[in-house]
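Residue strings, one per chain:
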Amino acid sequence: FNLSSFEHRWSVRTVNAEVTGSIITRKNHVYIPRSDGLSVLNGQSGNQEWRYTDHAPIRDVIDDGKQIYVATENELVALSNSGERIWYVRSDSDESDNAGSINDRIGSLGIGHGRVYWVDGQRLRAIDCQTGQEQWFQSSVKPDPSGRIATAPGTVVYYSDENAGTHPRQTQAVAVRSNDGAQLW
């Protein structure tokens, strides 16, 4: 869709797959998380540039300009700008973490400070962007996978609407230090 002229440019259909997360754009690319992987389209033409196939639905996707990170229902994967798998980290969530299935508890990604931040069950995990090694995890936050992660200098903020649709609404916001995960507030 051309925002300046409000003209339709192109459209695509996902065949045999559902869109499973928020579609994002970055540097003329459109990232579509799907039930069978990730489609990356050219933002001008709508043509597929590459596709990452996975047996698990993509929950979230983020692009830091160097690599693309996707969260599936059981792992965090770093991809090159051409879709090649660089590294992955398996979820360490289990059924004792929370009510509901594991698939419902893997979620949001955030990026900053050379790390990708990942909601994995009831933990907020900090993973080194280059190596895929866990730097720290924070388990006192008790994140909701539908929440969001934001970064500021030296700080990671996780926020969620724990009981969306209920009254009164209960919103959680927690800040942790980016270097060690210690809770600030």
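Heads up: the structure comes first, above all this text.
Fair warning: this is a prediction, and the values are worked out from it, not measured in the lab.

Rules behind the numbers
- Residues numbered from 1 in each chain as written.
- Predicted model: local features only at pLDDT ≥ 70, side-chain atom pairs only at ≥ 80, totals over all residues.
- Heavy atoms only, no water.
- Core = buried A, V, L, I, M, F, W, Y, C linked by side-chain atoms within 4.5 Å.
- Buried < 20%, exposed > 50% of the residue type's maximum accessible area, 1.4 Å probe, protein only.
- Helix = DSSP H or I, 4+ residues; strand = E, 2+ residues; numbered from the N terminus.
- Contact = heavy atoms within 4.5 Å.
- Pairing = 2+ DSSP bridges.
- Salt bridge = Lys/Arg side-chain N within 4 Å of Asp/Glu carboxyl O.
- Phe/Tyr/Trp six-rings, centres within 6.5 Å; stacked < 30°, edge-to-face > 60°.

Undergrad: Summarise the nonpolar core; cite the residues concerned and give the values.
TA: Core analysis: the largest hydrophobic core is formed by twelve residues, namely Ile-62, Tyr-69, Ala-71, Leu-76, Ala-78, Trp-87, Val-89, Leu-109, Val-116, Trp-118, Ile-127 and Cys-129. When residues of this core are traced back to their parent elements, those giving at least two are strand E6 (68-72), strand E7 (75-79), strand E8 (85-90) and strand E10 (115-120). Once residues lying within four places of it in the same chain are set aside, the contact partners of Ala-78 are Gln-67, Ile-68, Tyr-69, Glu-84, Arg-85, Ile-86 and Trp-87. Core analysis: the second largest hydrophobic core is formed by eleven residues, Tyr-31, Leu-38, Val-61 and Val-70 among them.

Undergrad: Describe the environment of Gln-130, naming the residues involved and giving the relevant values.
TA: Checked against the element boundaries, Gln-130 lands in the loop between strand E11 (123-128) and strand E12 (134-138). As for Gln-130 and Gln-67, which are separated by 63 residues in sequence, their C-alpha atoms are 9.0 Å apart. Excluding residues that lie within four positions of it along the chain, Gln-130 makes contacts with Gln-67 and Trp-87.

Undergrad: Describe the environment of Ala-175, listing the residues and the values that go with them.
TA: Within the secondary structure, Ala-175 is located in strand E15 (residues 171-177). Its relative accessible area of 0% is what places Ala-175 among the buried residues. Separated by 17 residues in sequence, Ala-175 and Tyr-158 have C-alpha atoms that sit 6.4 Å apart. Residues within four places of Ala-175 in sequence aside, it is in contact with Thr-155, Val-156, Val-157, Ala-182, Gln-183, Leu-184 and Trp-185.

Undergrad: Tell me about the pairing of E6, residues and numbers included.
TA: Across the five residues that make up E6, a large majority, five, are buried. Residues Ile-68, Val-70 and Thr-72 of E6 are buried on one face, and the alternating residues Tyr-69 and Ala-71, pointing to the opposite face, are buried as well. Bridging between strand E5 (residues 58-63) and E6 involves five bridges; their strand directions are antiparallel. Paired with Val-61 across the bridge in E6 is Val-70. Hairpin geometry of E5 and E6 is characterised by an intervening segment of four residues between the two adjacent antiparallel strands and by a positive phi of about 90 degrees at Gly-65. Sheet topology note: the E6/E7 ladder contains four bridges and is antiparallel. Residue pairing in the sheet places Tyr-69 in a bridge with Ala-78 of E7. Following E6, the chain reverses through two residues before pairing antiparallel with E7.

Undergrad: Pulling in residues and values, what's your account of unusual backbone geometry?
TA: Of note in this structure, Lys-27 is not a glycine but carries a positive phi near 45 degrees. Its place among the elements puts Lys-27 in the loop between strand E1 (24-26) and strand E2 (29-34). Positive phi is not limited to glycine here, since Asn-28 has a value of about 65 degrees. Along the chain, Asn-28 turns up in the loop between E1 and E2. Relative accessible area serves as the criterion here: at 38%, Asn-28 is assigned to the partly exposed category.

Undergrad: How would you summarise the pattern of salt bridges if you had to cite specific residues and measurements?
TA: Within the structure shown, the criterion is met by twelve salt bridges. Measuring nitrogen to oxygen at the nearest pair gives 3.2 Å for the salt bridge that ties Asp-92 to Arg-123. Taken together, the residues span a long stretch of sequence, with Asp-92 in the loop between E8 and strand E9 (106-112) and Arg-123 in strand E11 at a distance of 31 residues. Judged by its relative accessible area of 40%, Asp-92 is partly exposed. Among the ionic pairs, Arg-125 bridges to Glu-134, the shortest N-O distance being 2.6 Å. For Glu-134, a relative accessible area of 34% corresponds to the partly exposed category. Among the charged side chains, a network of salt bridges with common partners joins Asp-92, Asp-120, Arg-123, Arg-125 and Glu-134.

Undergrad: Tell me about the packing of aromatic side chains, and name the residues and values.
TA: All told, the structure shown has two aromatic pairs when counted by the stated rule. Consider the rings of Tyr-69 and Trp-87, whose centres lie 6.0 Å apart with planes at 45 degrees: the pair is tilted. You can see Tyr-69 sitting in strand E6 and its partner Trp-87 sitting in strand E8, a full 18 residues away along the chain. In this structure, Tyr-69 and Trp-87 share a single accessibility class: buried. Aromatic pair Tyr-117 and Trp-136: ring centres 5.9 Å apart, planes at 40 degrees, arrangement tilted.

So, to be careful, I would describe these as geometric facts and stop short of saying anything about function.
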